[in-house]
Amino acid sequence: MSFSDVQQAYERIRSHIVRTPLLESATLNALLGARVLVKAESLQNAGAFKFRGAVNRLLQLSAAQRQAGVVAFSSGNHALATSAVARKLGIPASIIMPSDAPKAKIDGSRANGATVVLYDRQKDDREAIGAEIAGRTGAVIVPPYDDPDIMAGQGTVGLEIVEQAQALGAKLDAVIAASSGGGLVAGVATAVKALSADTAVYAGEPAGFDELARSLASGQPESNAPGAVSICDALQVVKPGKLTFPINLHYLSGSLVVTDDDVRRAMKAAYQHLRLVVEPGGAVPLAALLAGKLDIAGKTVAIVLSGGNVDTSVFIEALNV
């Protein structure tokens, strides 16, 4: 994937997506001692950045492929995005989701007309399930992150951030985006580094699922230990993506690791200061700033709040911390 791929993706998808706002809060700036620009991808179609990659991938299917349908595996947001795009384009979709995914994401995928197949996150192989469905039906597999078209679509977030910051007269010192398989931050980094080479790009991860932080430190893909738990349901992969990791190793300045309590405080802060409903995984970059994981004093930093698909009970719990 190159910046040219991101640019082409943007031209392809721009009429299908929301150009989400880059928000700013004076009280949040004062609290952090920095200028913080917030990319509100929680306001994107289907409630998360994943819509960008899904629409970029599905728009390129042939007529025969559209008729055969698509199959995707996801903890939630890629499921919602792929099912929403499939409904929009009239494509049959099978979505493989962990049985412990947020109810809002399972119900949303079904409401989009997709056939939802649930699996046990600890025991089952979602890729094997997807391969079986694809082999039986002829459906095209749409990966959640390890795909050049998916990454290029997600990279349009970074392209918009730089354009919007420039319109505000802001010179970005750093950009932070959450990472699971690494597709979002790989795409964002590709775009940001092409347009603003001096801007540092960081990932953000929950403790226990910080495989990218450890992989960047060692220079090779590292795996998470089994049995880890986190409220960040969207950020729970075993190891970095085969295609995403080389990009992230090349571009990223590091990955910032936060706790679940950090994330809850960030969800509350996003609501208090920006009136945004943000899911746990989407709040990780703000959590990193509030927890002091990066020295940003006097600097200008853009963060991606990547999704807003959260169950009511989880959100209420965060507001009560």
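Residues numbered from 1 in each chain as written. Predicted model: local features only at pLDDT ≥ 70, side-chain atom pairs only at ≥ 80, totals over all residues. Heavy atoms only, no water.

A. A look at the packing of aromatic side chains. A complete count under the given rule lists one aromatic pair for this structure. Ring geometry for Y271 versus F315: centroids 5.9 Å apart, planes at 85°, classification edge-to-face. One end of the pair, Y271, is in helix 12 (residues 260-274); the other, F315, is in helix 14 (residues 312-319), and 44 residues separate them in sequence. With a relative accessible area of 11%, F315 lands in the buried category. (Phe/Tyr/Trp six-rings, centres within 6.5 Å; stacked < 30°, edge-to-face > 60°. Helix = DSSP H or I, 4+ residues; strand = E, 2+ residues; numbered from the N terminus. Buried < 20%, exposed > 50% of the residue type's maximum accessible area, 1.4 Å probe, protein only.)

B. Examining the sheet that holds strand 9 (residues 254-258) more closely. Taken together, six strands build an open sheet; the order of strands is 1-2-10-7-8-9 and the sheet is mixed. Of all strands in the sheet, those with a lone pairing partner are strand 1 (22-23) and strand 9, marking the two edges. Most of the contacts of helix 8 (residues 148-167) go to strand 2 (residues 35-40), to which it runs at about 135°, and overall it touches strand 1, strand 2, strand 7 (174-178) and strand 10 (300-305). (Pairing = 2+ DSSP bridges. Contact = heavy atoms within 4.5 Å. Axes fitted to C-alpha atoms, helices over the stretch in contact; angles between N-to-C directions.)

C. Layout of the sheet that holds strand 6 (residues 140-141). If you trace the four strands from one edge of the open sheet to the other, you get 5-4-3-6, paired in parallel fashion. The open sheet has two edge strands with one neighbour each: strand 5 (115-119) and strand 6. Sheet topology note: the strand 3 (residues 70-73)/strand 4 (residues 93-98) ladder contains four bridges and is parallel. Bridge pairing links V70 to A93 in strand 4. Each of strand 4 and strand 5 is contacted by helix 6 (residues 103-111), which is oriented at about 150° to strand 5, the strand it contacts most.

D. Inspection of the UniProt feature "domain: Tryptophan synthase beta chain-like PALP" (unreviewed entry) in the protein chain at higher detail. Per the UniProt record, "domain: Tryptophan synthase beta chain-like PALP" (unreviewed entry) is found at residues 14-307. Annotation note: span residues 14-307, helix share 43%, strand share 16%, distance between end C-alpha atoms 19 Å. (UniProt positions renumbered as here; feature names shortened; annotations may be inferred.)

E. Examining the side chain of K39 more closely. With respect to the helices, strands and loops of the structure, K39 is situated in strand 2. Within the structure, K39 has its side chain in polar contact with the backbone oxygen of T20 (distance 2.6 Å). (Polar contact = N/O pair within 3.5 Å; in protein donor to acceptor, adjacent residues only side chain to side chain.)

F. Looking closely at the domain arrangement of the protein chain. According to the domain assignment, the protein chain contains domain 1 (3-48 + 147-320) and domain 2 (51-141). Computed over C-alpha atoms, the centres of domain 1 and domain 2 are 23 Å apart. Counting residues at the interface gives 28 residues for domain 1 and 21 residues for domain 2. For the pairing of domain 1 and domain 2, the buried interface totals around 2,100 Å² over both sides, and the portion due to carbon and sulfur atoms is 52%. Linking domain 1 to domain 2 there are five salt bridges. Counting across the domain 1 and domain 2 interface gives 15 residue pairs in polar contact (both at pLDDT 80 or more). Mapped onto the side of domain 1 that touches domain 2, the elements with two or more residues apiece are helix 1 (3-13) and helix 8. Looking at the side of domain 1 that touches domain 2, the element that brings in the most residues is helix 8, giving eight residues. (Domains from an automatic or database assignment. Buried area = accessible area lost by both parts, 1.4 Å probe. Salt bridge = Lys/Arg side-chain N within 4 Å of Asp/Glu carboxyl O.)

G. Representation of the packing of helix 1 against helix 8. Packing of helix 1 against helix 8 leaves a shortest axis separation of 8 Å and a crossing angle of 90°. It follows from the interaxial angle that helix 1 and helix 8 lie roughly perpendicular. Across the interface between the two elements, F3, D5, V6, Q7, A9, Y10 and I13 from helix 1 touch A152, G153, G155, T156, L159 and E160 from helix 8. Per-class residue counts for the contact of helix 1 with helix 8 are seven nonpolar, four polar and two charged. (Parallel < 35°, antiparallel > 145°, perpendicular 65-115°, else oblique. Nonpolar A, V, L, I, M, F, W, Y, C, P; charged D, E, K, R; others polar.)

H. Structural view of the pattern of salt bridges. A full pass over the atoms with the stated rule returns 15 salt bridges. With a shortest N-O distance of 2.8 Å, E24 and R35 are connected by a salt bridge. Here E24, found in the loop between strand 1 and helix 2 (26-32), pairs with R35, found in strand 2; they are 11 residues apart in sequence, far enough to count as distant. Judged by relative accessible area, E24 falls into the partly exposed class, the value being 38%.

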